[in-house]
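Read off the chains here:
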Amino acid sequence: MTTDKLTPEFETFQGELKSFILRMTASVQDAEDIVQETYIKAHAKLNTFRGESSLKTWVFSIASNLARDLLRSKKRWPETVTDICREESLGNPQFFQEALQIRQTSPQGNFEIKEHIALCFTCVSKSLPLEQQLALLLKEVYGFSMKEIASILNQTEAMVKYYLHTSRSRMIEVFDQRCSLINKQGICHQCTELNGIFNPKQKAQEELVKIEMAKDAENKSKEELFDLRMKILQELDPFESGAAELQLHHLEHNRQVMEKYLGE
Amino acid sequence: MNQQTNPKAVTEKRMFRRETTVSVNIEADSSIVWALLTHASDIPRWNSTVVSLTGEIREGGAIELKSTLDEKRVFKLKVKEFVPEKRLVWGDGMGSRVYSLDKKSNGVLFSMSEKIGGPLFPLFAKMIPSFDRSFEQFAADLKKEAETIQGSKK
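Fair warning: this is a prediction, and the values are worked out from it, not measured in the lab.

Undergrad: Even after reading the chapter, I still don't get the overall build of chain B, so can you show me in this structure?
TA: Helix and strand counts for chain B stand at 4 helices and 8 strands. Element order for chain B, N to C, with α for helix and β for strand: β-β-α-α-β-β-β-β-β-β-α-α. In summary, chain B has a C-alpha radius of gyration of 15 Å against a globular reference of 15 Å for 154 residues, a match within 12%. Judged by the C-alpha coordinates and their principal axes, chain B covers about 50 × 30 × 25 Å. The long-range share in chain B, meaning contacts at least 24 apart out of those at least 6 apart in sequence, stands at 49%.

Undergrad: In this structure, what is going on with the overall build of chain A? I would like to understand it.
TA: A count of helical and extended segments in chain A gives 14 helices and 0 strands. Each helix and strand of chain A, ordered N terminal to C terminal, gives the series α-α-α-α-α-α-α-α-α-α-α-α-α-α. By the compact-globule yardstick of 18 Å for 264 residues, chain A fits well, its C-alpha radius of gyration being 19 Å. Counting only C-alpha atoms, chain A reaches 55 × 40 × 35 Å along its principal axes. A total of 264 residues make up chain A; the buried ones form 41% of that total. Restricting the contact set of chain A to residue pairs at least 6 apart, pairs at least 24 apart contribute 72%.

Undergrad: Quick question: what am I supposed to make of the domain arrangement of chain A here?
TA: A common measure of how large an interface is: the accessible area buried when the components associate. Residue and element names in this part refer to chain A. Parsing chain A into structural domains produces domain 1 (1-73) and domain 2 (75-261). Using only C-alpha atoms to locate each centre, domain 1 and domain 2 end up separated by 23 Å. Tallying the contact residues gives 19 residues for domain 1 and 21 residues for domain 2. Secondary structure elements with two or more residues in the side of domain 1 that touches domain 2: helix 1 (3-25) and helix 3 (55-71). Ranked by residue count, the leading element in the side of domain 1 that touches domain 2 is helix 1, at 8 residues. Looking at side-chain class alone, the side of domain 1 that touches domain 2 contains 7 nonpolar, 7 polar and 5 charged residues.

Undergrad: Can you walk me through the interface of chain B and chain A in this structure?
TA: Each partner contributes residues to the interface: chain B has 10 residues there, and chain A has 10 residues. At the level of secondary structure, the elements contributing two or more residues to the side of chain B that touches chain A comprise helix 1 (30-38) and helix 4 (132-151) of chain B. Per element, the largest residue contribution to the side of chain B that touches chain A is 3 residues, and it comes from helix 1 of chain B. For the side of chain B that touches chain A, the residue count by class is 3 nonpolar, 3 polar and 4 charged.

Undergrad: Could you clarify how one ought to interpret the pairing of strand 4 (residues 62-67) of chain B in this entry?
TA: Within a regular strand, side chains alternate between the sheet's two faces. Residues and elements named next belong to chain B. One ladder, built from 5 bridges, connects strand 3 (residues 50-55) with strand 4; its direction is antiparallel. Bridge assignment links Ser52 to a residue of strand 4, and that residue is Lys66. Linking strand 3 back to strand 4 in an antiparallel pair, the connection comprises 6 residues, with Gly60 at a positive phi of about 80°. Pairing between strand 4 and strand 5 (residues 70-83): 5 bridges, direction antiparallel. What sits directly across from Ser67, in strand 5, is Asp70. Two successive antiparallel strands, strand 4 and strand 5, enclose a turn made up of 2 residues.

Undergrad: Just checking my understanding: could you explain the sheet that holds strand 3 of chain B for this structure?
TA: Backbone-to-backbone hydrogen bonds pair the strands of a sheet. The strands run either parallel or antiparallel. All names here are of chain B. On the basis of which strands lie adjacent, the open sheet formed by 8 strands has the order 1-2-8-7-6-5-4-3 and antiparallel pairing. One side of each edge strand has no neighbouring strand; the edge strands of this open sheet are strand 1 (10-13) and strand 3. Across the sheet, the mean angle separating the axes of adjacent strands is 20° when strand polarity is ignored. Lying over the sheet, helix 1 contacts strand 2 (17-26), strand 6 (87-91), strand 7 (95-104) and strand 8 (107-117), oriented at roughly 160° with respect to strand 7.

Undergrad: Quick question: what am I supposed to make of helix 1 of chain A here?
TA: Working note: α-helix, 3.6 residues per turn, so residues spaced by three or four point in the same direction. All names here are of chain A. Over its 23 residues, helix 1 extends only 28 Å from the first C-alpha to the last, a length that falls short of the 33 Å expected when each residue adds 1.5 Å. Most pronounced at Phe13, the bend in helix 1 amounts to some 50°. Within helix 1, burial applies to Leu17, Lys18, Ser19, Phe20, Ile21, Leu22, Arg23, Met24 and Thr25. Of the surrounding elements, those touching the buried residues of helix 1 are helix 2 (28-44), helix 3, helix 6 (113-124) and helix 7 (130-141). Of the residues one or two after helix 1, Ala26 is the one with positive phi, at around 60°.

Undergrad: Explain the environment of B:Met94 here, please?
TA: Residue and element names in this part refer to chain B. Here Met94 shows up in the loop between strand 6 and strand 7. Met94 sits in the partly exposed class, given 16 other C-beta atoms within 10 Å. The spatial distance from the C-alpha of Met94 to the C-alpha of Leu77 is 10 Å, given a sequence separation of 17 residues.

Undergrad: What am I meant to see in the packing of helix 3 of chain A against helix 8 (residues 146-153) of chain A here?
TA: Think of two packed helices as two axes; the pair is described by the angle between the axes and how far apart they sit. Residues and elements named next belong to chain A. In contact at an axis separation of 8 Å, helix 3 and helix 8 are set at 45° when each is read in the N-to-C sense. As summarised for this structure, helix 3 and helix 8 are arranged oblique, according to the angle between their axes. Between helix 3 and helix 8 the crossing geometry is right-handed. In this structure, helix 3 contributes Thr57, Phe60, Ser61 and Ser64 to the contact, and helix 8 contributes Glu148, Ser151, Ile152 and Leu153. The residue makeup of the contact of helix 3 with helix 8, split by class, is 3 nonpolar, 4 polar and 1 charged.

Undergrad: Which parts of the structure should I look at to understand the pairing of strand 8 of chain B?
TA: Residues and elements named next belong to chain B. Sheet topology places strand 2 next to strand 8; 10 bridges connect them, and they run antiparallel. By the bridge assignment, Thr21 is partnered in strand 8 with Ser113. In terms of strand pairing, strand 7 meets strand 8 through 10 bridges, oriented antiparallel. Residue pairing in the sheet places Ser96 in a bridge with Lys115 of strand 8. Between strand 7 and the antiparallel strand that follows it, strand 8, lie 2 residues.

Cut-offs and rules
- Residues numbered from 1 in each chain as written.
- Chains lettered and ligands numbered in written order.
- Predicted model: local features only at pLDDT ≥ 70, side-chain atom pairs only at ≥ 80, totals over all residues.
- Helix = DSSP H or I, 4+ residues; strand = E, 2+ residues; numbered from the N terminus.
- Rg over C-alpha atoms; globule rule 2.2 N^0.38 Å.
- Contact = placed C-beta atoms within 7 Å.
- Buried ≥ 20, exposed ≤ 12 C-beta atoms within 10 Å, placed from the backbone.
- Domains from an automatic or database assignment.
- Nonpolar A, V, L, I, M, F, W, Y, C, P; charged D, E, K, R; others polar.
- Pairing = 2+ DSSP bridges.
- Axes fitted to C-alpha atoms, helices over the stretch in contact; angles between N-to-C directions.
- Expected span 1.5 Å × (residues − 1).
- Bend = angle between axes of the 7 residues up to and from the residue.
- Parallel < 35°, antiparallel > 145°, perpendicular 65-115°, else oblique.
- Left-handed = near helix turned anticlockwise from the far one by under 90°.

Shown next, in the form of structure tokens:
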């Protein structure tokens, strides 16, 4: 691999890399910084790349290490993150003013329920232990194989299996208890609640039938519903979607609330 | 010591002590079994004998355990030994629980024992419930979860 080949190949997966780091850190600034730092490191260490894995796997390994370095000293978020952030936002009229401004003026200011489902997952998955969150995203959202994840995380495949099984089980349980889209007893209705605020003329039920996970909730197993949730994330680029600016504003709000809540 | 597929606990009773032991062969990598035994927050998910477990399972770590043996009581325990993928010991002044892993060609032999006792043991021995069924369930849950993970392709 030569340096003149690195740049065009890096560019083919740069978007995925940036969204992966965003979903790890919940920070646009950190995502941008880590992607840039990853490129610089990859460039500087290119002579150590032996081609034993794909360049993409090798680069994701560099980025994962940088994300780990950043996040290791930070506390994990609670599973109730969205409840805590909702309460804070209700006492913060500026948050809604800014959001409505984005909704009205930005070309990326739409509100779509499935975009909020992805944002919700980003926040809730930060309650998993760091290695589990990394493994889960790499497998379920970015499609890496067990072997590739073992290489990225510098772990055995057995441990990757452990991380994936445990993190999936945990997230399935959390969403089953919380998400009213898949369980009528679910305690969280934020996506439909926000849809009512940002799209007042739209009927939430009509929107929900467009989302496979919500439409088929009664006929699918918890495992299948989780796979459908992951499909939503796979198909969404949080920087490029029609709701990107609104959702990133919301994510930044949640990150700031969590830092305050966790005393960071 | 029993080394069975279906775990069967054995209790040895003496005047001043009681010791319960269970063993089971687990067809999974020792790192998986070790991870299951030491990730405290995840243990209640797969282990039906544990109601709650907080704290960190690491050398010198302190944990608080609520077991189905007595759900009203919180056991405050210290991790006394922590040898990755080999041996874990926690306990309090009353006794110690020892977990050991012995690597085999097709997985690992898991053993768990708990010894309780002391000079006053005869006075309260009858008040302490039998550990046998709880130990058997613990070992069966661990085996099931570890082998499920080992076999997972997802």
